[in-house]
Amino acid sequence: MLEVEHLRKIYDGHGRSVEALRDLTFRVGAGELVCLVGPSGCGKTTLLKCVSGLLAPTSGRVVLEGTPVSGAPANMAVVLQEYGRSLFPWMSVAANVELPLKQKKLPAARRREMVARALEAVGLSDAHAAYPWQLSGGMQQRVAIARAIAYEPHILLMDEPFAAVDAQTRAELEDLVRRIWAGFAMTILFVTHDIDEAVYLGQRVVILSSSPTIVQEDLAVDLPAERDQLTTRAQPRFTELRGHVYEQIQKAKATAPPAAGV
Ligand code: ADP
Ligand code: MG
């Protein structure tokens, strides 16, 4: 589904350059739920911008379903951390979710059907007519997720989508992501700085080092597919995996290669 090959990104400007990504290579198979975890500032957002065609890499490439990414790919949706900025406050919830479907030029009846299905999937069937500013932060992020899934992307990218909500809401939204992934047969690349969240959600965790950033480890999460907040997090294997990821990130910090040629 997605191949990231020797991706490197150097930001240039104002006489200063920042090597955000050194050399990233990993793959995401069709139907996988992969988490990418790394410390703040290690280049996670930069990576997603390159993957979604918003930013051109300095070198290396991104290939999506066999096609190199240059502009924004049609079969991809992105959910960002700042839900407040991603919804239009003057449009109802239903209109927000419908917007990308209009760009797809689908007939009105079909659009309404998809909006209803997506809002139902995120538990907001009764919020069609509400405005985003009338909803809590967690509900706004549900709307953003509904908009992404209504679009029926082949791959969904999520960039620290729950960083700004409270712990309770966050746990609910994590379970929502697992449900949507299972129910809509979607490929998901979920980016987070939160080690627990990465292990809880992912089938695999790609661990990034701090800058200059490389893939430190690509770890299979061998927890049962059926996960829930109480029992999964209480399993000894969960604690082991979390400890392992933490160690790898610490190790990456200690052995960070020197920034080259920038
Ligand atoms: P993360 O999402 O992991 O927190 P980012 O991708 O946002 O990390 O940033 C990685 C590095 O690149 C940081 O050092 C950041 O300051 C730098 N950076 C991000 N965007 C820009 C930009 N537009 N211009 C220059 N440097 C940037
Ligand atoms: Mg970021």
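1. Observations regarding the overall build of the chain
Move 1: Looking only at helices and strands, the chain has 9 helices and 10 strands in total.
Move 2: Each of the three principal axes of the chain carries a C-alpha extent, and together these read 55 × 45 × 35 Å.
Move 3: Considering the chain as a whole, with its 262 residues, one finds that 49% of them fall into the buried category.
Move 4: Of all intrachain contacts in the chain linking residues separated by at least 6 positions in sequence, the fraction that spans at least 24 positions is 70%.

2. Things to note about the site of ligand 1
Move 1: The immediate surroundings of ligand 1 are formed by Tyr11, Val18, Ala20, Pro39, Ser40, Gly41, Cys42, Gly43, Lys44, Thr45 and Thr46.
Move 2: Separating an oxygen atom of ligand 1 from a backbone N or O atom of Gly43 is a distance of 3.0 Å.
Move 3: Protein contact buries 60% of the 560 Å² of open area that ligand 1 shows by itself.
Move 4: Top element by residues in the shell around ligand 1 is helix 1 (residues 44-51). It accounts for 3 residues.
Move 5: Its residues assigned to classes, the shell around ligand 1 shows 5 nonpolar, 5 polar and 1 charged.

3. Comments concerning the side chain of Ser210
Move 1: Following the sequence through the fold, Ser210 ends up in the loop between strand 9 (204-208) and strand 10 (213-220).
Move 2: Excluding anything up to four places from it in sequence, Ser210 contacts Pro39, Cys42 and Lys253.

4. Brief notes about the packing of aromatic side chains
We describe a pair of aromatic rings using the distance from one ring centre to the other and the angle between the two ring planes.
Move 1: Counted according to the given criterion, the structure contains 3 aromatic pairs.
Move 2: The interplanar angle of 45° and the centroid separation of 5.1 Å between the aromatic rings of Phe88 and Trp90 together place this pair among those described as tilted.
Move 3: Ring centres of Tyr131 and Trp133 lie 6.1 Å apart, and the angle between their planes is 20°; this geometry places the pair in the stacked category.
Move 4: In this structure Trp133 comes out as exposed when scored by relative accessible area, which is 58%.
Move 5: The ring of Tyr200 carries Arg233 above its face, with NZ or CZ at 4.6 Å from the centroid.

5. Section: helix 5 (residues 137-150)
Move 1: Taking 1.5 Å per residue as the helical rise, helix 5 with its 14 residues ought to reach 20 Å, and the 20 Å between its terminal C-alpha atoms agrees with that figure.
Move 2: A large share of helix 5 lies buried, amounting to 12 of its 14 residues.
Move 3: In the segment just after helix 5, Glu152 is the residue with positive phi, at about 50°.

6. Some points on the sheet that holds strand 10
In any sheet, the strands associate via hydrogen bonds between backbone groups, in a parallel or an antiparallel arrangement.
Move 1: With mixed pairing, 10 strands are arranged side by side in an open sheet as 5-4-1-2-10-9-3-8-7-6. The sheet is open, and its two edges are formed by strand 5 (67-68) and strand 6 (76-79), each paired on a single side.
Move 2: Of the pairings in the sheet, the one linking strand 6 to strand 7 (residues 155-159) comprises 4 bridges and is parallel in character. For Val78, the partnering residue across the bridge sits in strand 7 and is Leu157.
Move 3: The strands that helix 1 touches are strand 1 (2-13), strand 2 (16-28), strand 3 (33-37), strand 4 (59-64), strand 6, strand 7, strand 8 (187-192) and strand 9; relative to strand 1, the one it contacts most, it runs at about 115°.

7. As for helix 6 (residues 167-184)
Move 1: The end-to-end C-alpha distance of helix 6 is 25 Å, a good match for the 26 Å that 18 residues give at a rise of 1.5 Å each.
Move 2: Every buried residue belonging to helix 6 is among Thr169, Arg170, Ala171, Leu173, Glu174, Leu176, Val177, Arg178, Ile180 and Trp181, and all of these are buried.
Move 3: Where helix 6 begins, one side-chain oxygen reaches toward the backbone nitrogen of Gln168, 3.3 Å away; that side chain belongs to Asp166.

8. A look at the pattern of salt bridges
Move 1: Across all of its chains, the model carries 19 salt bridges by this definition.
Move 2: Taking the shortest distance from any N to any O, the salt bridge between Glu32 and Arg204 comes out at 2.8 Å. Taken together, the residues span a long stretch of sequence, with Glu32 in the loop between strand 2 and strand 3 and Arg204 in strand 9 at a distance of 172 residues.
Move 3: Given the relative accessible area of 18%, Glu32 is considered buried.

9. Considering the confidence of the model for the chain
Move 1: Averaged over all residues, the pLDDT of the chain is 91; the fraction at 70 or higher stands at 96%.
Move 2: Mean pLDDT per element in the chain: helix 2 (residues 83-86) is the minimum at 74, and strand 3 is the maximum at 97.

Parameters and conventions
- Residues numbered from 1 in each chain as written.
- Chains lettered and ligands numbered in written order.
- Predicted model: local features only at pLDDT ≥ 70, side-chain atom pairs only at ≥ 80, totals over all residues.
- Heavy atoms only, no water.
- Helix = DSSP H or I, 4+ residues; strand = E, 2+ residues; numbered from the N terminus.
- Buried < 20%, exposed > 50% of the residue type's maximum accessible area, 1.4 Å probe, protein only.
- Contact = heavy atoms within 4.5 Å.
- Near = heavy atom within 4 Å.
- Polar contact = N/O pair within 3.5 Å; in protein donor to acceptor, adjacent residues only side chain to side chain.
- Areas by Shrake-Rupley, 256 points an atom, 1.4 Å probe, with all protein chains shown as cover.
- Nonpolar A, V, L, I, M, F, W, Y, C, P; charged D, E, K, R; others polar.
- Phe/Tyr/Trp six-rings, centres within 6.5 Å; stacked < 30°, edge-to-face > 60°.
- Lys NZ or Arg CZ within 6 Å of the ring centre and 35° of its normal.
- Expected span 1.5 Å × (residues − 1).
- Pairing = 2+ DSSP bridges.
- Axes fitted to C-alpha atoms, helices over the stretch in contact; angles between N-to-C directions.
- Salt bridge = Lys/Arg side-chain N within 4 Å of Asp/Glu carboxyl O.
- pLDDT = per-residue confidence, 0-100.

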